[in-house]
Every structure is written in structure tokens, then in C-alpha cells.
Amino acid sequence: MIPTRHEYYRRRATEHRRLALAATAPDQRAMHDRLVDAYAALARQYRLREVVTLKA
């Protein structure tokens with residue numbers, strides 16, 4: 001199954017969160033934290049939205 005953009009970016013954010021927790025060097029941890037923020041923002045941008053229609 002092909003993941004949606006939301007799923008893809010959410011998985012990348014999760015992956016970099018794990019890498020940030022495992023990083024020993026502060027600069028590596030900071031880089032992964034920035035990537036987590038970027039991927040999380042992209043995931044929010046592409047999240048599925050419910051479409052609501054009003055009928056008279």
C-alpha cells in the first residue's frame with residue numbers, strides 16, 4: 001500500500017525523534033530535533049481533513 005504524504009512525513013518525524021534520543025553528540029541531537037519539527041509541520045499540512053457538506 002502506498003502511504004499518504006501525511007503518513008510518510010509522520011513516519012519520518014518518528015524516525016528522527018528516535019535518532020535524536022539515541023544521538024550522543026549535541027549537534028547531531030539538535031539536527032534531528034530540527035528535522036522532527038520540519039517533518040511534523042509537513043505532516044500537519046498534509047493531514048486528512050473531513051469534508052462537511054450542508055444540504056438545505
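None of the values given here were measured: they were computed from a predicted structure.

1. Considering the packing of aromatic side chains
Consideration 1: Evaluation of the coordinates by the stated rule reveals 3 aromatic pairs.
Consideration 2: Ring centres of Y9 and Y39 lie 6.1 Å apart, and the angle between their planes is 25°; on these two criteria the pair is classed as stacked. With Y9 in helix α1 (residues 5-22) and Y39 in helix α2 (residues 26-45), this pair connects stretches of sequence that are 30 residues apart.
Consideration 3: Taking the relative accessible area as the measure of exposure, Y9 reaches 18% and is therefore buried.

2. Quick notes on the packing of α1 against α2
Consideration 1: Remark: α1 packs on α2, axes separated minimally by 8 Å, with the N-to-C direction vectors making an angle of 160°. As far as their axial angle goes, α2 and α1 are roughly antiparallel. In the packing of α1 onto α2, the handedness of the crossing is left-handed. In contact with H6, Y9, R10, R12, A13, H16, R17, L19 and A20 of α1, α2 contributes R29, H32, D33, L35, V36, Y39, A40, L42 and A43.
Consideration 2: For the contact of α1 with α2, a count of residues per class yields 10 nonpolar, 3 polar and 5 charged.

Basis of the calculations
- Each residue is numbered by its place in its chain's sequence as written, counting from 1.
- For a predicted model such as this one, the threshold for reporting local features is a pLDDT of at least 70, and the threshold for listing and counting side-chain atom pairs is 80 or more; totals across whole chains, interfaces and linings nevertheless cover every residue.
- Hydrogens are left out, water is left out, and the side-chain values use all remaining heavy atoms of the structure.
- Side-chain rings of Phe, Tyr and Trp (the six-membered ring for Trp) are treated as a pair once their centres are within 6.5 Å; stacked means planes under 30 degrees apart, edge-to-face means over 60, and tilted covers the remaining angles.
- Only DSSP runs of H or I with at least four residues qualify as helices, and only runs of E with at least two residues qualify as strands; both kinds are numbered from the N terminus onward.
- Whether a residue is buried, partly exposed or exposed follows from its accessible area with a 1.4 Å probe, protein chains only, as a fraction of its type maximum: under 20%, in between, or over 50%, in that order.
- Helix axes are fitted to C-alpha atoms over the stretch in contact, other axes to C-alpha atoms as well, and angles between N-to-C directions run from 0 to 180 degrees.
- An angle counts as roughly parallel when it lies under 35 degrees, as roughly antiparallel when it exceeds 145, as roughly perpendicular when it falls between 65 and 115, and as oblique in every other case.
- Here a crossing is taken to be left-handed if its near helix is turned anticlockwise relative to the far helix by less than a right angle, and right-handed if that turn runs clockwise.
- When checking whether two residues touch, look at their non-hydrogen atoms; a contact exists if any pair is within 4.5 Å.
- Note on residue classes: Ala, Val, Leu, Ile, Met, Phe, Trp, Tyr, Cys and Pro are nonpolar, Asp, Glu, Lys and Arg are charged, and everything else, Gly too, is polar.

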